[in-house]
Amino acid sequence: MILTVTPNPSLDRTYELPGLTRGSVLRATADRVDPGGKGVNVSRAVAAAGRRTVAVAPLGGPEGALLTRLLGDLGIEAVGVPVAGNTRVNVTLVEPDGTLTKVNAAGPELSPAEAEDVLEAVRVHSAAADWVACCGSLPRGLPPRWYAELVERSHRAGARIALDTSGAALTAALDRGPDVIKPNAQELAEAVGRPLATVGDALKAAEELRERGAGSVLASLGADGQLLVEASGSCFATAPVAVVRSNVGAGDASLAGFLAAGGRGPEALASAVAHGAAAVQLAGSLMPTPADLDLPSVVTTSDVPLDRALTEPAP
């Protein structure tokens, strides 16, 4: 079982438009609403693969109730921690060429008691989990070290932790030893305080974060591939993508594929890349099913292309 923690979940509304013109009345050619937030997306991808997952999240108001129902419809057990504020609604506008315009709401402010309730819910359910995936930005009211506290408590319960966050929340949790962290290229650069121009730069940055406490680093490098750096060494993987339809949730799908394949080694990296490549070819924040995956197309190597330039920010 993979337990996910999403401290700032959302309802994600996606509108596909023939074009985006400021100041105009626009008519969508298609629209959909999905349960959202990075950890929720990981649960959706795990469930799409037919595996059990439990999603812990603070939920409030009618938006929280709808999110709970949508998760149930997908076969995901939702552990909703009641909060006073309403769950946020995010909006994504998609143009025909794949350009995305996103409007993310701030979300509710959590009280100290509500923040503690979320930690307690994770503790109660983590005993049965193979992995605990802690994902996304922190909502208002939670200090940067909240994830550090979550990692420490989950480790005491015997769970392995995958952490996908950025900024102060990421760096504050490193000394608690998350088993896996999953930055993209921009987040990796921010964590080490310097720009990254090549895959070799990304490798050095990942090694630095391991020295600061992370067990392994799974770095998403956008169209350039993904890099895994762990105690046994490093490897790199890429996969062809015919058409990018939406990169919303692609990184979350990658993390789900990585954890579902064991969270270690080249096979798990290949699964991560296959899931991410499949996700960007789907509409909105749809998560790939096994039928969408093309594992044979993934090229995995231990010969990391150190001189390859990083051409795009990762999703």
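Since we're looking at a predicted model, the values are computed, not measured.

1. Regarding the sheet that holds strand β6 (residues 88-94)
Next, step 1: The strand order β3-β2-β6-β7 describes an open sheet built from four strands, whose pairing is mixed. The outermost strands of the open sheet, each flanked by one partner alone, are β3 (30-36) and β7 (100-103). Across the sheet, the axes of successive neighbouring strands diverge by a mean angle of 20 degrees, strand direction being ignored.
Next, step 2: Here strand β2 (residues 10-16) runs beside β6; their pairing, made up of seven bridges, is parallel. From the neighbouring strand, Asp-12 faces β6, where its bridge partner is Asn-90.

2. What about helix α3 (residues 112-126)?
Next, step 1: Look at α3: 21 Å from first C-alpha to last across 15 residues, which is about the 21 Å you get at 1.5 Å a residue.
Next, step 2: For α3, the complete set of buried residues consists of Glu-114, Ala-115, Val-118, Leu-119, Ala-121, Val-122 and Ser-126. The arc that holds every buried residue of α3, seen down its axis, measures 155 degrees, which confines them to one face. Facing away from the buried side of α3 by over 90 degrees, the exposed positions are Pro-112 and Ala-113.

3. Topic: the sheet that holds strand β13 (residues 233-238)
Hydrogen bonding along the main chain pairs the strands of a sheet, whether they run parallel or antiparallel.
Next, step 1: Across the sheet, ten strands lie side by side as β5-β4-β1-β8-β9-β10-β11-β12-β13-β14; this open sheet has mixed pairing. One side of each edge strand has no neighbouring strand; the edge strands of this open sheet are β5 (77-82) and β14 (299-301).
Next, step 2: Relative to strand β12 (residues 226-230), strand β11 (residues 216-220) runs antiparallel, the two sharing four bridges. Counterpart to Ala-219 in the pairing with β12 is Leu-227.
Next, step 3: On the sheet, α3 packs against β1 (2-5), β4 (53-59), β5 and β8 (131-135) and is oriented at approximately 150 degrees with respect to β5.
Next, step 4: Its contacts with the sheet place helix α7 (residues 199-211) against β10 (180-181), β11, β12 and β13, and it is angled at close to 35 degrees to β12.

4. Observations concerning the nonpolar core
Next, step 1: Within the largest apolar cluster, 53 residues are counted, with the highest numbers of intra-cluster contacts made by Val-132, Trp-146, Leu-221 and Leu-227.
Next, step 2: Top contributing element to this core by residue count: α7, with six residues.
Next, step 3: Residues from two domains meet in this core; each of domain 1 (1-175) and domain 2 (178-314) gives at least three.
Next, step 4: When neighbours within four sequence positions are excluded, Val-132 is seen to be in contact with Leu-3, Val-5, Val-122, Ser-126, Ser-154, Ala-159, Arg-160, Ile-161 and Ala-162.
Next, step 5: Core analysis: the next-biggest nonpolar cluster, separate from the first, contains 29 residues, Cys-235, Ala-237, Ala-270 and Ala-279 among them.

5. Structural notes on the pairing of β12
Next, step 1: For β12, the buried fraction is high: five of the five residues fall into the buried class.
Next, step 2: Neither face of β12 is left uncovered, since the one carrying Gln-226, Leu-228 and Glu-230 and the one carrying Leu-227 and Val-229 both have all their residues buried.
Next, step 3: What sits between β11 and β12 in their antiparallel hairpin is a turn of five residues, with Gly-222 showing a positive phi close to 60 degrees.
Next, step 4: For β12 and β13, the ladder comprises five bridges, and the chain directions are antiparallel. The residue bridging Leu-227 from the neighbouring strand is Phe-236, located in β13.
Next, step 5: Between β12 and β13, which pair antiparallel one after the other, the connecting turn spans two residues.

6. Focus on the pattern of salt bridges
Two side chains with opposite charge may pair up if their charged atoms get near one another.
Next, step 1: Taken as a whole and judged by the stated rule, the model has 16 salt bridges.
Next, step 2: The salt bridge involving Arg-145 is made with Asp-175; its shortest N-O contact spans 3.7 Å. Taken as a pair, Arg-145 in the loop between β8 and α4 (146-156) and Asp-175 in the loop between α5 (167-173) and β10 lie far apart in primary sequence, 30 residues in all.
Next, step 3: Residue classification places Arg-145 among the partly exposed residues on the basis of a relative accessible area of 36%.
Next, step 4: Of the charged contacts in the structure, one is a salt bridge between Glu-149 and Arg-153, with a shortest N-O distance of 2.7 Å. With Glu-149 and Arg-153 both in helix α4 and four residues apart, the pair spans about one turn of that helix.
Next, step 5: Among the residues examined, Glu-149 registers a relative accessible area of 28% and is labelled partly exposed.
Next, step 6: The buried category is assigned to Arg-153, whose relative accessible area is 18%.
Next, step 7: Bridged by salt links that share partners, the residues Arg-145, Glu-152, Arg-156, Asp-175 and Arg-176 form one connected network.

7. Brief notes about the side chain of Lys-182
Next, step 1: The residue Lys-182 is located in the loop between β10 and α6 (185-192) in this model.
Next, step 2: For Lys-182, which is buried and forms no salt bridge, the nearest opposite charge comes from Asp-164, at a distance of 4.3 Å.
Next, step 3: Only 2.9 Å separates the side chain of Lys-182 from the side chain of Ser-220, close enough to count as a polar contact.
Next, step 4: When near neighbours in sequence (up to four residues on either side) are disregarded, Lys-182 contacts Leu-163, Asp-164, Glu-187, Leu-218, Ser-220, Gly-251, Ser-254 and Leu-255.

Cut-offs and rules
- Residues numbered from 1 in each chain as written.
- Predicted model: local features only at pLDDT ≥ 70, side-chain atom pairs only at ≥ 80, totals over all residues.
- Heavy atoms only, no water.
- Pairing = 2+ DSSP bridges.
- Helix = DSSP H or I, 4+ residues; strand = E, 2+ residues; numbered from the N terminus.
- Axes fitted to C-alpha atoms, helices over the stretch in contact; angles between N-to-C directions.
- Expected span 1.5 Å × (residues − 1).
- Buried < 20%, exposed > 50% of the residue type's maximum accessible area, 1.4 Å probe, protein only.
- Arc of directions from axis to C-beta.
- Contact = heavy atoms within 4.5 Å.
- Core = buried A, V, L, I, M, F, W, Y, C linked by side-chain atoms within 4.5 Å.
- Domains from an automatic or database assignment.
- Salt bridge = Lys/Arg side-chain N within 4 Å of Asp/Glu carboxyl O.
- Lys, Arg positive; Asp, Glu negative; His and termini not counted.
- Polar contact = N/O pair within 3.5 Å; in protein donor to acceptor, adjacent residues only side chain to side chain.

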